Amino acid sequence: MNPDVATDLRDLSATLASVEAVMDLDALRKQIGELEEQAARPNLWDDPESAQQITSQLSHKQGELRRVTDLRQRLNDLDVLYELAEDEGDASTAAEADAERARLGKEISMLEVRTLLSGDYDERDALMTIRSEAGGVDAADWAEMLLRMYLRWAERHGYPAEVYDTSYAEEAGIRSATFKVSAPYAYGTLSVEQGTHRLVRISPFDNQGRRQTSFAGVEVLPFVEAVDHIDIPEKDIRIDVFRSSGPGGQSVNTTDSAVRITHLPTGIVVSCQNEKSQIQNRAAAMRVLQARLLERKRQEERAEMDALKGDGGSSWGNQMRSYVLHPYQMVKDLRTEHEVGNPTAVLDGDIDGFLEAGIRWRRSQEN
């Protein structure tokens, strides 16, 4: 075997071994066994919320274990593939082995980054909201492009994504959209996307073909679980119902199924219109409101800790990435300096490099 290939395989094996140690596979198997016992109870669904939490945790932990054991098996198989290619002098088998080695390197690196996610809420699903900011119709179009980018990223990885609410702009694009991404460590992974995203391009809405800079904001919250105890008294909310609307403001259905909830003490307003029934939309809107209140509580606690430490806290949110389509092609993260020259691929959901760089950068800021 080529010495460079052998060294690379040893390095990959060592990195994967450190990931396996951090994940503590024996403890993970024990947790899965306990959750399987709970999930097998005949009265499991007597408490639907608890049942959903148990089955969700079980699914996530099984997925984690399967992912790391599959990587170890593929790495072992790769050794055999290289030996086969060498014994038979088969160039096509060697090329196949090289391609698999590159894929494994990327996947093991991403899993290594996952071990850096140790925050209280990092394991949870993510609740994301995208809002158009400065830039008029271009900003609304840009917000819709970002929504597609994140939904494509989720689709590429096989992660379920559920859009709760979309507020369409008059001419094109969206004012805002809120959606949930369900995946192991979705919040920890996607939270590095929070901030303002800047687009520079020739505006498709300017008949003089001038260059336009537009902005959209991304908010990422951990999805609320029963253990958070975010209780919202009925007297603290006002609920309005209205008809769902689509692009251009046209009515999507003929019933008042969309729901808007206003939290009176804080002024927080959330809405949901993508489900078919008013009951479903109300339940989804309440989950979004709970997530916003949980984040508000976390920010207050963080401010208190920063005050005690005499620390102004980090302000790394704000403008965090530039996407330039004209006069040159580049996407650059302003915090990590990570950049690529293919905006088309990035806008089609190829953002793993930015996520990995962001997670590593955030950990370096914490140390």
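Residues numbered from 1 in each chain as written. Predicted model: local features only at pLDDT ≥ 70, side-chain atom pairs only at ≥ 80, totals over all residues. Heavy atoms only, no water.

(A) Local environment of the sheet that holds strand β4 (residues 195-202). Spatial strand order, β2-β3-β1-β5-β4-β9-β10-β11: eight strands in an open sheet with mixed pairing. Each edge of the open sheet carries a strand with a single partner, namely β2 (161-168) and β11 (339-340). Here strand β1 (residues 126-132) runs beside strand β3 (residues 174-181); their pairing, made up of six bridges, is antiparallel. The residue of β3 that forms the bridge with A126 is V181. Along the sheet, helix α5 (residues 136-157) makes contact with β1, β2, β3, β4, β5 (211-222) and β9 (319-324), crossing β5 at roughly 45°. Lying on the sheet, helix α9 (residues 352-366) is in contact with β9, β10 (330-333) and β11; it crosses β10 at an angle near 20°. (Pairing = 2+ DSSP bridges. Helix = DSSP H or I, 4+ residues; strand = E, 2+ residues; numbered from the N terminus. Contact = heavy atoms within 4.5 Å. Axes fitted to C-alpha atoms, helices over the stretch in contact; angles between N-to-C directions.)

(B) Looking closely at the sheet that holds strand β6 (residues 237-242). Reading across the sheet, the three strands line up as β6-β7-β8 and stay open at both edges, with antiparallel pairing between neighbours. Lying at the two open borders of the sheet, with one neighbouring strand each, are β6 and β8 (268-272). Each adjacent strand pair in this sheet contributes to an overall mean axis angle of 15°, direction not counted. In this sheet, β8 lies alongside strand β7 (residues 258-263) in antiparallel orientation, the contact comprising five bridges. Residue I261 lies in a different strand from β8, and its bridge partner there is V270.

(C) Structural context of the packing of aromatic side chains. Summed over all chains, the structure comprises two aromatic pairs. Centre to centre, the rings of W142 and Y323 are 4.8 Å apart; their planes meet at 70°, and the pair counts as edge-to-face. With W142 in helix α5 and Y323 in strand β9, this residue pair connects regions lying 181 residues apart in the sequence. A cation over a ring is seen here: R260 above F242, with NZ or CZ 4.4 Å from the ring centre. Positioned above the aromatic ring of W361, the side-chain terminus of R335 is 5.5 Å from the ring centre. (Phe/Tyr/Trp six-rings, centres within 6.5 Å; stacked < 30°, edge-to-face > 60°. Lys NZ or Arg CZ within 6 Å of the ring centre and 35° of its normal.)

(D) The environment of E96, seen in detail. Turning to its location among the elements, E96 is positioned in helix α4 (residues 91-114). Its relative accessible area of 48% is what places E96 among the partly exposed residues. The sequence separation of E96 and I108 amounts to 12 residues, and the corresponding C-alpha distance is 18 Å. (Buried < 20%, exposed > 50% of the residue type's maximum accessible area, 1.4 Å probe, protein only.)

(E) Structural context of the pattern of salt bridges. Tallied over the entire structure, the rule returns 31 salt bridges. A salt bridge links R29 to D26; the nearest nitrogen and oxygen atoms lie 3.6 Å apart. Linking R29 with D26, this pair stays in helix α2 (residues 25-39), spanning three residues, or about one helical turn. Accessibility expressed as a relative area gives 40% for R29, which makes it partly exposed. By relative accessible area, which is 60% here, D26 ends up exposed. Between R131 and E219 there is a salt bridge, with the nearest N and O atoms lying 3.8 Å from each other. Highlighted residues: R131 in strand β1 and E219 in strand β5, separated in sequence by 88 residues. (Salt bridge = Lys/Arg side-chain N within 4 Å of Asp/Glu carboxyl O.)

(F) Representation of helix α3 (residues 48-88) in the model. Compared with an ideal rise of 1.5 Å per residue, which puts 41 residues at 60 Å, α3 spans 58 Å between its outermost C-alpha atoms and is within 8% of the ideal. G89 sits one or two positions beyond α3 and adopts a positive phi of about 60°. (Expected span 1.5 Å × (residues − 1).)

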